[in-house]
Amino acid sequence: MGIPFNYEGDTIFELALAKSIASGGWIWWVSDLGAPFGFDAAAFPQNITASSAVMKILSIFTSNPARILNLYWLLSCVLTSIVCCYSLRLFSFRWSVVLLVSTLYALLPYALQRNVAHISLTYAFVPVICAHCLRIISSSENDKLNRKNRAMLVVACVFLGLDYVYNAFFACFFLVCAAGVSTVIKRNSKPSRSAAPFIAIICIFSAINFVPSAVTWMTNGVPPNMSYKSAVEADYYGLKIRQVISPVMLERRADKAGFPLENENRFVRLGIVLALGYLLSIFYALFTAPPSRNDIRWAAGVLVLLGTFVATIGGLGSIFNLLIAPDIRAYNRIIVFIAFFSAVVLCALLSDVLRSIESQPVFQTRKWARQSASAGLVAMIFLAGLIDQGDAARPLVKRYSADSAQAIDEKDLVDKVEQRFPSVTQIYQLPETPFPLDAGQNRMKAYDHGRPFVWSKAVRWSWPSFSYRSEAWHERIGSLSDPEFLGNLFDSGFNGLWLDRYGYGEQDLPEIEASLRRQIGPPKLESNTKRYAFFDLSEKPGSPAANQGVSSVDRGELALDAPFLGFASGIYQKEAGADGESFRWSQRVSRILLSNPSATTRRVTFSAGFRSLPGGQLHILGSELDTMVDLQSGSGDFSVPLELPAKQTTKLTFRYVGDRVPANGDARVMYFRFVNPTLKED
């Protein structure tokens, strides 16, 4: 349990959050990452507040982040089964059938394949919402929620609202659908009143959950590299019906066939048992006669169809993302809702089958035979489902020994660094890798630089760079090819360097290591696998030339507290033109932040070029600034001296008057672009 069940990719990020929780911190700010400034995790709005509260309780009993993550995932599987049992029993299904189906639901391939890597997508309280949706459609007007059911619904809504947004979004979608369907078939508005309070609770707590992210975005701007979601990804990560209903053997053949758009949507497989419920639910929705529409199976079938229409590739979700917002891009994650509706249909079918078996004359006087036949059928179905779904856990089991060896090797090196070099407090990590869009680099995988932090106790690490302040600092200190780079690191408070050799190609690595050896000597420590090397910077100041005229401490303060630009609303990510100039596209209205983190007033000059279609004008507004830039020719330049008060941020607002730039195939709203925006001290 001290080694994570999965040890790569998104798991590393989740481990980092668990480590922050276990260290007495929280998920919104991680002081020992993103050195020298810290990691503003709230700016990356995963915001799994409810899950983190549970992990905070677990941290009372263990400080090992891997153990916390493993325990939380296991507990979530158990809780999912219990809550599913509770929700299915609301419809008076047999206990044997409910236990069978709820266990298979908790052990969906979705859960086993995502495991601790996507701890934010656990779905313990989803069945409560799904059950209420079914009650809205199928119950009569006189049926009312009792106090216990209402309390359970409120708890589920609060938990979903305070966790990752996907389940909250889909819950609201199905509540709206249930209210709409019920209103149509019953011709009254009462169902809407039954759904509205719970939609409101989810939305209110989702908004509360987003507050930390909204505050940091308003204060510091949306971080670099956050505009990576687009409407087309609704199709890329959409649901595939083939994957939903395929048994494991068929999916293995599909893997070899090379179907397009195969990604995390492979995790939506229901298994052979629940897939039967999925197919039957569609049958009931399409072919059940109107007099039976109060039947729970018809209600489940309608919701399955609506969910499939939204989530499938080219479905209604693509239209939503195109017209409204692209943030909900992985529509395949709706499968946990569809799975519950399929489970309800399966429960109804199995209950009917068991009643039919028990009504046979041969079992009328033989209670033991009746019970044995029922138990045998349930056991056979459970075993078949468990074998098929359990195959999803094969990769976890297969790779665990290799993951364990790697984790132990990394922990061993981090322990040696902290024991043998107690004065080392900040370590810079090479190579530099992006965040959050980290697709890996050479043999490095996504978020690999987070691994040493998971096992460290008292060291701050440079990964990830996730703020405009950090981005500006990286530009000031240069790169390894600059002769003053290591001196700049030292002046910024770094006294150690961590080299991940997997991050470099075979041709580049010897040159990189040779450069480090010339400047600071050989590595002091290496991992057993030789993947990692640690270099000591505690006695290596900057180059002599860099030290002339200013002390090392002063130079560090200048580097860390220098004014910097931040790009708030309406501005897209930095791009490079063919002529080498850097630029950012802007919407009609956009804002730039000019921040001064130092304790003294700074005099600076902001300058930028602007490019647009001919015939435009740009209105620039600030606290003491109101000017126009003429873009009649499609080009213009701007420069203004400013005083930035200590510890404050100044906003410049840009309002463009003119035509939008046409861009076929590009969903961005672009009116003009900033060219080489810079902020220089006078």
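Overview of the structure. (Residues numbered from 1 in each chain as written. Predicted model: local features only at pLDDT ≥ 70, side-chain atom pairs only at ≥ 80, totals over all residues. Heavy atoms only, no water.)

## What to know about the overall build of the protein chain
Link 1 in the chain: Along the backbone of the protein chain there are 24 helices and 15 strands.
Link 2 in the chain: Against the compact-globule benchmark of 26 Å for 682 residues, the protein chain has a radius of gyration of 29 Å, which places it among compact chains.
Link 3 in the chain: Viewed in the frame of its principal axes, the protein chain has a C-alpha envelope of about 100 × 65 × 50 Å.
Link 4 in the chain: For the protein chain, with 682 residues in total, the buried portion stands at 54%.
Link 5 in the chain: Taking the intrachain contacts of the protein chain between residues at least 6 apart in sequence as the baseline, contacts between residues at least 24 apart amount to 76%.
Link 6 in the chain: In the form shown here, the protein chain has an accessible surface area of approximately 29,600 Å², with 59% of it arising from carbon and sulfur atoms.
Link 7 in the chain: Between the centroid of the 66 positive side chains of the protein chain and the centroid of its 57 negative side chains there is a distance of 12 Å. (Helix = DSSP H or I, 4+ residues; strand = E, 2+ residues; numbered from the N terminus. Rg over C-alpha atoms; globule rule 2.2 N^0.38 Å. Buried < 20%, exposed > 50% of the residue type's maximum accessible area, 1.4 Å probe, protein only. Contact = heavy atoms within 4.5 Å. Areas by Shrake-Rupley, 256 points an atom, 1.4 Å probe, with all protein chains shown as cover. Lys, Arg positive; Asp, Glu negative; His and termini not counted. Charge placed at Lys NZ, Arg CZ, Asp CG, Glu CD.)

## Points about the packing of helix 3 (residues 65-89) against helix 6 (residues 126-138)
Link 1 in the chain: Direction vectors running N to C along helix 3 and helix 6 enclose 15°, while the axes themselves pass 8 Å from each other. Considered as vectors, helix 3 and helix 6 are oriented roughly parallel to each other. Considering only the axes of helix 3 and helix 6, their crossing is right-handed. The segment helix 3 lies against helix 6, with Val 83, Cys 84 and Ser 87 engaging Pro 127, Val 128 and Ala 131. (Axes fitted to C-alpha atoms, helices over the stretch in contact; angles between N-to-C directions. Parallel < 35°, antiparallel > 145°, perpendicular 65-115°, else oblique. Left-handed = near helix turned anticlockwise from the far one by under 90°.)

## Examining a nonpolar patch on the surface
Link 1 in the chain: Taken together, the side chains of Phe 309, Leu 316, Ile 319, Leu 322, Leu 323 and Ile 324 present a nonpolar region at the surface, about 680 Å² in accessible area.
Link 2 in the chain: It is helix 15 (residues 316-323) that contributes the most residues to the nonpolar patch, four residues altogether.
Link 3 in the chain: Residue position: Phe 309 is located in helix 14 (residues 296-311). (Patch = residues over 30% accessible without salt bridge, like charges linked within 9 Å, V, L, I, M, F, W, Y side chains within 5 Å. Salt bridge = Lys/Arg side-chain N within 4 Å of Asp/Glu carboxyl O.)

## What about empty space enclosed by the protein?
Link 1 in the chain: If you walk through the whole model with that rule in mind, you get three cavities of 30 Å³ or more.
Link 2 in the chain: Here the largest cavity is characterised by a volume of approximately 90 Å³.
Link 3 in the chain: Trp 73, Ala 111, Leu 121, Thr 122 and Tyr 123 are the residues nearest the centre of the largest cavity, which is lined by 13 residues in total.
Link 4 in the chain: Secondary structure elements with two or more residues in the lining of the largest cavity: helix 3 and helix 5 (109-114).
Link 5 in the chain: Here the lining of the largest cavity gets four residues from one element, more than from any other, and that element is helix 3.
Link 6 in the chain: Classifying every residue of the lining of the largest cavity gives seven nonpolar, five polar and one charged.
Link 7 in the chain: Taken as a whole, the second largest cavity encloses approximately 60 Å³ of empty space.
Link 8 in the chain: Along the walls of the second largest cavity sit Tyr 86, Leu 90, Val 128, Ala 131, His 132, Arg 135, Leu 145, Asn 149 and Leu 153, which together make up its complete lining.
Link 9 in the chain: Those elements that provide at least two residues to the lining of the second largest cavity are helix 6 and helix 7 (147-161).
Link 10 in the chain: If one sorts the elements of the lining of the second largest cavity by residue count, helix 6 sits on top with four residues. (1 Å grid on protein atoms, 1.4 Å probe; cavity = no way out; pocket = protein on both sides within 12 Å on 5 of 7 lines; lining within 4 Å. Points joined across faces, edges and corners; volume = space filled by probe spheres on them. Nonpolar A, V, L, I, M, F, W, Y, C, P; charged D, E, K, R; others polar.)

## What about helix 22 (residues 509-520)?
Link 1 in the chain: Compared with an ideal rise of 1.5 Å per residue, which puts twelve residues at 16 Å, helix 22 spans 16 Å between its outermost C-alpha atoms and is within 8% of the ideal.
Link 2 in the chain: Taken together, the buried positions of helix 22 are Leu 509, Ile 512, Glu 513, Ser 515, Leu 516 and Ile 520. In an axial view of helix 22, the angular spread of the buried residues amounts to 155°, which keeps them on one side of the axis. In helix 22, the exposed positions angled more than 90 degrees off the buried face are occupied by Glu 511 and Arg 518.
Link 3 in the chain: Positive phi appears at Gly 521, one or two residues downstream of helix 22, with a value of about 85°. (Expected span 1.5 Å × (residues − 1). Arc of directions from axis to C-beta.)

## Quick look at the pattern of salt bridges
Link 1 in the chain: Here the structure, examined in full by the defined rule, presents 30 salt bridges.
Link 2 in the chain: For the salt bridge of Glu 233 with Arg 329, the shortest nitrogen-to-oxygen distance reads 2.9 Å. In this pair, Glu 233 sits in helix 10 (residues 233-236) while Arg 329 sits in the loop between helix 15 and helix 16 (335-358), placing the two residues 96 residues apart along the sequence. Across this residue pair, the class does not change: Glu 233 and Arg 329 are buried.
Link 3 in the chain: Two residues, Arg 269 and Asp 388, come together in a salt bridge whose shortest N-O distance is 2.9 Å. Here the residue Arg 269 occupies a position in the loop between helix 12 (248-257) and helix 13 (271-287), and Asp 388 occupies one in helix 17 (residues 367-390), the gap between them amounting to 119 residues.
Link 4 in the chain: Note on Arg 269: relative accessible area 6%, which makes it buried.

## Focus: the sheet that holds strand 15 (residues 672-681)
Link 1 in the chain: The strand order across the open sheet formed by five strands is 7-8-15-10-13, and the pairing between neighbours is antiparallel. Lying at the two open borders of the sheet, with one neighbouring strand each, are strand 7 (575-576) and strand 13 (635-644).
Link 2 in the chain: Sheet analysis places strand 10 (residues 602-612) next to strand 15, joined by eight bridges and oriented antiparallel. If you follow Val 604 over to strand 15, its bridge partner there is Glu 681. (Pairing = 2+ DSSP bridges.)

## Side note on the sheet that holds strand 1 (residues 426-430)
Link 1 in the chain: The strand order across the open sheet formed by five strands is 2-1-3-5-4, and the pairing between neighbours is mixed. Bordering the open sheet on either side are strand 2 (460-461) and strand 4 (525-526), each of which pairs with just one other strand.
Link 2 in the chain: As paired elements, strand 4 and strand 5 (residues 532-536) share two bridges and run antiparallel to each other. In the strand pairing of strand 5, Glu 526 is matched with Ala 533.

## Re the environment of Arg 266
Link 1 in the chain: Tracing the chain through its elements places Arg 266 in the loop between helix 12 and helix 13.
Link 2 in the chain: Each C-alpha atom of the pair Arg 266 and Asp 508 lies 36 Å from the other, and the pair is 242 residues apart in sequence.
Link 3 in the chain: Not counting chain neighbours up to four residues away, the residues in contact with Arg 266 comprise Gln 113, Gln 243 and Asp 255.

## Notes on the packing of aromatic side chains
Link 1 in the chain: Applying the stated rule across the entire model yields 53 aromatic pairs.
Link 2 in the chain: For the ring pair Phe 174 and Phe 337, a centre distance of 5.5 Å and an interplane angle of 20° mean the geometry is stacked. Here Phe 174, found in helix 8 (residues 165-186), pairs with Phe 337, found in helix 16; they are 163 residues apart in sequence, far enough to count as distant. We note that Phe 174, like Phe 337, is buried.
Link 3 in the chain: When the ring of Phe 435 is compared with that of Tyr 447, the centres are 5.5 Å apart and the planes differ by 45°; the resulting orientation is tilted. Within this pair, whereas Phe 435 is found in the loop between strand 1 and helix 19 (451-455), its partner Tyr 447 is found in the loop between strand 1 and helix 19, the two being separated by twelve residues in sequence.
Link 4 in the chain: Of note, Lys 19 hangs over the ring of Phe 453, and the distance from its end group to the ring centre comes to 4.6 Å. (Phe/Tyr/Trp six-rings, centres within 6.5 Å; stacked < 30°, edge-to-face > 60°. Lys NZ or Arg CZ within 6 Å of the ring centre and 35° of its normal.)

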